Amino acid sequence: MLLSVACIRETGVITETVIVNISGDSISFTAYTYYGDDITLKLANGEKAIEKRSGDTGDSEIFPITIADSVIIIFNKTRIAKYYANDITKDRSPFDLDSYLEETLGQKDYFDRYKFTYTITEEDYNNAIPIK
């Protein structure tokens with residue numbers, strides 16, 4: 001009796017998260033993570049930053065915001081917006097996947113590739129609270 005053994009190549013996921021700032025002001029975007037490896041991005045108006053992560057298919061930590069408990073955006077040290085993972089009551093939030101433009105980039109080298117873009121706008125600036 002012959003046994004056939006099939007090699008199954010493992011697949012994974014590569015996720016690009018893009019933060020775009022078109023608020024009209026420079027910003028500091030900080031995602032405070034559960035593990036202490038906070039993600040801080042400083043962006044001038046019109047700039048963007050890309051955070052890439054990879055992992056196994058189904059890994060819930062592929063999307064960077066899933067490892068954060070809060071996000072704070074400071075607009076040129078004059079206004080602040082605070083977002084919390086357990087409170088998605090605002091119309092837009094970095095924790096709400098519907099606030100992102102999601103793109104499927106296809107598969108390459110056995111990795112499914114996705115891109116999520118979150119754009120910080122003038123409306124976000126206007127909704128932020130003045131810093132006293």
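Residues numbered from 1 in each chain as written. Predicted model: local features only at pLDDT ≥ 70, side-chain atom pairs only at ≥ 80, totals over all residues. Heavy atoms only, no water.

**Q** Is there a simple way to think about the sheet that holds strand β3 (residues 39-43) in this case?
**A** Pairing between the strands of a sheet comes from backbone hydrogen bonds, and it takes one of two forms, parallel or antiparallel. Read from one edge to the other, the open sheet built from five strands follows the order β3-β2-β5-β6-β9, with strand pairing classed as antiparallel. Only two strands of the sheet have a single partner each, and these edge strands are β3 and β9 (129-130). (Pairing = 2+ DSSP bridges. Helix = DSSP H or I, 4+ residues; strand = E, 2+ residues; numbered from the N terminus.)

**Q** Would you take a moment to explain the nonpolar core for this structure?
**A** Among soluble globular proteins, nonpolar side chains are generally buried collectively. The biggest cluster of nonpolar side chains holds 20 residues, and the ones touching the most others in it are F29, I73 and I120. Where this core is concerned, the elements lending two or more residues are β2 (27-33), β3, β5 (68-75), β6 (79-84) and β8 (111-121). Considering every element that reaches this core, the biggest residue donor is β5, with four residues. The residues contacting I120, other than those within four sequence positions of it, are I19, V20, N21, I22, S23, I27, F29, I73, F75 and R92. (Core = buried A, V, L, I, M, F, W, Y, C linked by side-chain atoms within 4.5 Å. Buried < 20%, exposed > 50% of the residue type's maximum accessible area, 1.4 Å probe, protein only. Contact = heavy atoms within 4.5 Å.)

**Q** Could you clarify how one ought to interpret the packing of aromatic side chains in this entry?
**A** Aromatic ring pairs: the centre-centre distance and the angle between the two ring planes describe each pair. According to the stated counting rule, one finds two aromatic pairs in the structure shown. Aromatic side chains F75 and Y125 sit 5.5 Å apart centroid to centroid with 85 degrees between the ring planes, which places their arrangement in the edge-to-face category. Within this pair, whereas F75 is found in strand β5, its partner Y125 is found in helix α1 (residues 122-127), the two being separated by 50 residues in sequence. By relative accessible area, F75 is classed as buried at 0%. An angle of 45 degrees between the planes, with centres 5.1 Å apart, marks the rings of Y100 and Y118 as tilted. Taken together, the residues span a long stretch of sequence, with Y100 in the loop between β6 and β7 (101-108) and Y118 in strand β8 at a distance of 18 residues. The pair formed by Y100 and Y118 is uniform in burial state, with each residue classed as buried. Directly above the aromatic system of Y125 lies the positively charged group of R79, at a separation of 5.0 Å from the ring centroid. (Phe/Tyr/Trp six-rings, centres within 6.5 Å; stacked < 30°, edge-to-face > 60°. Lys NZ or Arg CZ within 6 Å of the ring centre and 35° of its normal.)

These values are about where atoms sit, not about what they do.
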